[in-house]
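# Descriptive analysis of the structure
The chain contents come next:
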Amino acid sequence: MIPPGDLSSPIGFVLGVDLLHIFPLEGATFLCPVDVTDPRTSQRILELLPGGRADVILSDMAPNATGVRDLDHDRLISLCLSLLGMTPDILHPGGTFLCKTWAGSQSRQLQRRLTEEFQRVRLIKPEASRKESSEVYFLATQYRGKKGAVKQ
Ligand SMILES: C[S@@+](CC[C@H](N)C(=O)[O-])C[C@H]1O[C@@H](n2cnc3c(N)ncnc32)[C@H](O)[C@@H]1O
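Cut-offs applied
- Residues numbered from 1 in each chain as written.
- Predicted model: local features only at pLDDT ≥ 70, side-chain atom pairs only at ≥ 80, totals over all residues.
- Heavy atoms only, no water.
- UniProt positions renumbered as here; feature names shortened; annotations may be inferred.
- Helix = DSSP H or I, 4+ residues; strand = E, 2+ residues; numbered from the N terminus.
- Buried < 20%, exposed > 50% of the residue type's maximum accessible area, 1.4 Å probe, protein only.
- Contact = heavy atoms within 4.5 Å.
- Areas by Shrake-Rupley, 256 points an atom, 1.4 Å probe, with all protein chains shown as cover.
- Core = buried A, V, L, I, M, F, W, Y, C linked by side-chain atoms within 4.5 Å.
- Pairing = 2+ DSSP bridges.
- Axes fitted to C-alpha atoms, helices over the stretch in contact; angles between N-to-C directions.

Where an unreviewed UniProt entry is consulted, the chain appears under the name rRNA methyltransferase 2, mitochondrial, with the organism given as Aotus nancymaae. According to the UniProt record, the Sequence similarities (unreviewed entry) comment for the chain is "Belongs to the class I-like SAM-binding methyltransferase superfamily. RNA methyltransferase RlmE family."

A few words now on the overall build of the chain. Within the chain, the secondary structure is distributed over 3 helices and 6 strands. Counting the 152 residues in the chain, one finds 34% classified as buried. Sequence separation of 24 or more characterises 60% of the internal contacts of the chain that already satisfy a separation of 6 or more. Accessible surface computed for the chain: about 9,900 Å², of which carbon and sulfur atoms make up 53%.

Right, let's talk about the UniProt feature "active site" (unreviewed entry) in the chain for a bit. Under the present numbering, the feature "active site" (unreviewed entry) in UniProt falls on Lys100. Tracing the sequence through the fold places Lys100 in strand 4 (residues 91–102). Of the residues examined, Lys100 reaches a relative accessible area of 10% and is grouped as buried. With residues up to four places along the chain from it excluded, the contact list for Lys100 reads Ser59, Asp60, Met61, Ala62, Leu76, Cys80, Glu135, Val136 and Tyr137.

Our focus in this paragraph is the side chain of Thr101. Along the polypeptide, Thr101 turns up in strand 4. Among all residues touching Thr101, those that are not within four sequence positions of it are Leu76, Ile77, Cys80, Leu110, Ser134, Glu135, Val136 and Phe138.

Counting residues in hydrophobic clusters, the biggest one holds 28 residues, and the most contacted among them are Ile45, Phe97, Leu110, Leu114 and Phe118. Counting only elements with at least two residues in this core, the list comes to strand 3 (54–59), helix 2 (69–90), strand 4, helix 3 (107–117), strand 5 (118–124) and strand 6 (135–143). Sort the elements by how many residues they give to this core and helix 2 lands first, with 9 residues. When neighbours within four sequence positions are excluded, Ile45 is seen to be in contact with Leu15, Val17, Leu31, Met86 and Ile90.

On to the environment of Ser105. Relative to the elements of secondary structure, Ser105 occurs in the loop between strand 4 and helix 3. Along the primary structure Ser105 and His73 are separated by 32 residues, whereas in three dimensions their C-alpha atoms are 8.1 Å apart.

What the 4 strands build is an open sheet, ordered 3-4-6-5; its pairing is mixed. Only two strands of the sheet have a single neighbouring strand rather than two, namely strand 3 and strand 5. Going from strand to strand, the sheet's axes swing by 10° on average, the running direction of each strand aside. Pairing of strand 5 with strand 6, which is carried by 6 bridges, proceeds in the antiparallel orientation. Bridged to Phe118 within strand 6 is Tyr143.

Here's what the structure looks like:
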């Protein structure tokens, strides 16, 4: 329980990662420009995370769209899979993973991979997402962890 006097104090730690420069924002730490597909990135993230692990990985990463639907879809799935590949290093067992995708033929493959790693996986279309957009989000919860352990 949080004592009332502490409600205005910062709770948690937010680390933003992007290929592009991010303008400073009070209360958040940024690692940029950084490519999540670079194998050195998880180590750089780890060095900044207090306690060495994140509770939530949240991604609305997207490549620059070419307009070729299948190609854009494949490139975004590939980004999501790169991020998922980092979870053993940076996500707490029991943690949550949210990623944006554009619906397409590889979505099932990503869903399968998420289901191997998380106890619960849901496909979400937020109200704020335009109906005509193929954008959908996978919300995966209760990360099994490296050895299948789930934090209680
Ligand atoms: C839809 S934008 C979201 C930006 C941000 N969330 C915002 O609201 O301003 C997608 C972002 O994914 C980033 N991105 C694309 N590929 C990336 C990669 N390989 N590593 C890190 N970030 C990447 C882009 O630079 C871009 O800023």
